Amino acid sequence: MMDFNRDVITIRYYSDSWGPFVFDFTDALPDGETLSSVTVRSFLGRVKSSTDILSLPESTNNLVDIAVIDGNSVGVKLQYPGAAFAGNHSLVFEIQTSSGGKHAFFFYKVDVE
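Residues numbered from 1 in each chain as written. Predicted model: local features only at pLDDT ≥ 70, side-chain atom pairs only at ≥ 80, totals over all residues. Heavy atoms only, no water.

Chemist: So what's going on with the overall build of the chain? Which residues, and what values?
Modeler: Scanning the chain for helices and strands turns up 1 helix and 7 strands. Here the chain has a C-alpha radius of gyration of 14 Å; the compact-globule value for 113 residues is 13 Å, and the two agree. Overall, the chain is about 45 × 30 × 20 Å in size when its C-alpha atoms are taken along their principal axes. Out of the 113 residues in the chain, the part that is buried amounts to 35%. The long-range fraction of contacts in the chain, counting pairs at least 24 apart against all pairs at least 6 apart in sequence, stands at 62%. For the chain, the accessible surface area stands at approximately 6200 Å², while carbon and sulfur atoms represent 46% of it. (Helix = DSSP H or I, 4+ residues; strand = E, 2+ residues; numbered from the N terminus. Rg over C-alpha atoms; globule rule 2.2 N^0.38 Å. Buried < 20%, exposed > 50% of the residue type's maximum accessible area, 1.4 Å probe, protein only. Contact = heavy atoms within 4.5 Å. Areas by Shrake-Rupley, 256 points an atom, 1.4 Å probe, with all protein chains shown as cover.)

Written as structure tokens, this is what we have:
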């Protein structure tokens, strides 16, 4: 799955900013398409295309610090969300391409210790 070349991102207590972790979407986009916008959300638990995300606790405001587009890559900085959010999280990338197409991609797992 794209540049999601790591299996796990670990976030520990003594950090105020981890990253940026780079996720490359070049191979996932149709020829000639580029990223025009991205929203990165995080959820406690494993998210797949069939998951009802409304049933999972959202941790975006606590875990995702910033997401920046650089070409067809997205750099994501994460922060320690607090002990209440300890466990495994999924990142959900909601992207829009230059032609207006919308797609969702999933990264599992971010391990908050």
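Chemist: Give a detailed account of unusual backbone geometry, specifying residues and quantitative values.
Modeler: With omega at 10°, the peptide bond leading from G19 into P20 counts as cis. Inspection of the secondary structure puts P20 in strand β2 (residues 18-24).

Chemist: Go over the environment of D65 with me, naming the residues and quoting the values.
Modeler: Positionally, D65 belongs in strand β4 (residues 64-70). In this structure, the C-alpha to C-alpha distance between D65 and V40, residues 25 residues apart in sequence, is 9.8 Å.

Chemist: So what's going on with the side chain of H89? Which residues, and what values?
Modeler: Along the polypeptide, H89 turns up in strand β6 (residues 87-97). Engagement of the side chain of H89 in a polar contact is seen with the backbone oxygen of F85, the distance being 2.6 Å. When sequence neighbours within four positions are dropped, the list of residues in contact with H89 reads F43, L44, G45, S59, L63, F107, Y108, K109, V110 and V112. (Polar contact = N/O pair within 3.5 Å; in protein donor to acceptor, adjacent residues only side chain to side chain.)

Chemist: I'd love a proper account of the pairing of strand β5 (residues 73-78), names of residues and values included.
Modeler: By the criterion of burial, β5 is predominantly enclosed, with 5 of the 6 residues buried. Direction of pairing for β2 relative to β5: antiparallel, over a ladder of 5 bridges. Bridge pairing in β5 links F23 to V74. Relative to β5, β4 runs antiparallel, the two being bridged by 6 bridges. By the bridge assignment, I69 is partnered in β5 with V74. (Pairing = 2+ DSSP bridges.)

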